[in-house]
Amino acid sequence: MIDKLEFFITLAKERHFGRAAEDLGITQPTLSAAIKQLEDQLGVMLVQRGSRFQGLTPEGQRVLEWARRIVGDTRTMREEMRTTRRGLSGHVKIAAIPTALAMVPRLTTPFREKHPEVTFSITSRTSLDVLSLLENFDIDIGITYLDNEPLGRVVSVPLYSEHYQLITAAGNRFSDRETVTWVEVAELPLCLLTPDMQNRRIINQHLAEAGAEVRPTLESNSMILLFSHIRTGKWASIMPLNLAEVLGFSEPIRAIPIVEPDASHLVGVVAVEREPHTPMVSALLYHARRLAKDLEEYR
């Protein structure tokens, strides 16, 4: 039953029998047979069938909620027993929004010093991806915005607040200013994150509130690529203060606070809201709370 529920969760995530089977490392007929057996055991149809996957039935949506709960409890039990035998060990999967990636080492480094048998996978994802990956057990924790768009059923640990800066080369327009307004920033050739990133939606929102329209000349989902274009002296960008400081801009690059308004948005760690958490997630949340105290100057 547990295996079938895990298959069902993957199918609901992928919304395609072939992709789900590939992700699970089984054949498509094996997956189809397992879902049919699960339907027979529960006495309800879970999947709307046709020539291709057409979605879950209402009963399937309800079973999906139970499946996530049951599989989550099972994984927690297994990890708790493994931790009892071997101590905290295993692989941690983290997804973070691009603007928070530079802060991740401040969580992972002390965590691994205390738990040397732990390894990490860290990916850059949109805020919506972070929540979806959490819901489907594809990551252990996420790092994302806490106060701008709905989070759903998660537990969160606030880490720091983003304050936004104009990042531009020395000698460019406004580079000698102490502050710059959102309206003035909109006049520059900007390179910004892509519209699927919440950081970009935040920037669009503040520009619109100031009566300005954003017309970027370059978009990317990579902060490093944006910075590399800033260094050419031909582009400017908008980045959080904490990211600008971590990147360690050299003398030719200026970071100028953006005002009117002086906007900020809260970033933190999120995990699925459940009790008990797995030992790994509990330990990660503990370290996140300790990190939050060290980052209070950003809040």
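Residues numbered from 1 in each chain as written. Predicted model: local features only at pLDDT ≥ 70, side-chain atom pairs only at ≥ 80, totals over all residues. Heavy atoms only, no water.

(A) Layout of the overall build of the protein. Secondary structure assignment for the protein yields 11 helices and 10 strands. Projected onto its principal axes, the C-alpha positions of the protein cover 70 × 50 × 30 Å. The buried share among the 299 residues of the protein stands at 49%. Sequence separation of 24 or more characterises 74% of the internal contacts of the protein that already satisfy a separation of 6 or more. With an accessible surface of roughly 14600 Å², the protein has 50% of that area assigned to carbon and sulfur atoms. Taking the 34 positively charged and 38 negatively charged side chains of the protein as two groups, their mean positions are separated by 6 Å. (Helix = DSSP H or I, 4+ residues; strand = E, 2+ residues; numbered from the N terminus. Buried < 20%, exposed > 50% of the residue type's maximum accessible area, 1.4 Å probe, protein only. Contact = heavy atoms within 4.5 Å. Areas by Shrake-Rupley, 256 points an atom, 1.4 Å probe, with all protein chains shown as cover. Lys, Arg positive; Asp, Glu negative; His and termini not counted. Charge placed at Lys NZ, Arg CZ, Asp CG, Glu CD.)

(B) Structural context of the pairing of strand S9 (residues 253-259). Relative to S9, strand S4 (residues 154-169) runs antiparallel, the two sharing 5 bridges. If you follow Ile167 over to S9, its bridge partner there is Ala255. In this sheet, S9 lies alongside strand S5 (residues 180-181) in parallel orientation, the contact comprising 2 bridges. By the bridge assignment for S9, Thr181 is matched with Val259. (Pairing = 2+ DSSP bridges.)

(C) Focus on the pattern of salt bridges. Counted by the stated rule, this structure contains 13 salt bridges. Between Glu14 and Arg19 there is a salt bridge; the shortest N-O distance is 3.7 Å. Assessed through its relative accessible area of 21%, Glu14 is described here as partly exposed. Of the residues examined, Arg19 reaches a relative accessible area of 42% and is grouped as partly exposed. (Salt bridge = Lys/Arg side-chain N within 4 Å of Asp/Glu carboxyl O.)

(D) Structural detail: the packing of aromatic side chains. For the structure shown, the criterion picks out 3 aromatic pairs. Arranged with centres 6.1 Å apart and planes meeting at 75 degrees, the rings of Phe111 and Phe120 form a pair that is edge-to-face. Judged by its relative accessible area of 0%, Phe111 falls in the buried class. Assessed through its relative accessible area of 23%, Phe120 is described here as partly exposed. (Phe/Tyr/Trp six-rings, centres within 6.5 Å; stacked < 30°, edge-to-face > 60°.)

(E) Broad picture of the packing of helix H1 (residues 2-14) against helix H2 (residues 17-24). Viewed as axis vectors pointing N to C, H1 and H2 meet at an angle of 130 degrees, and their least axial separation amounts to 8 Å. Judged by the angle between their axes, H1 and H2 are oblique. Viewed along their axes, H1 and H2 form a crossing whose handedness is right-handed. Within the contact between the two elements, H1 uses Phe7, Thr10, Leu11, Lys13 and Glu14 and H2 uses Phe17, Arg19, Ala20, Asp23 and Leu24. (Axes fitted to C-alpha atoms, helices over the stretch in contact; angles between N-to-C directions. Parallel < 35°, antiparallel > 145°, perpendicular 65-115°, else oblique. Left-handed = near helix turned anticlockwise from the far one by under 90°.)

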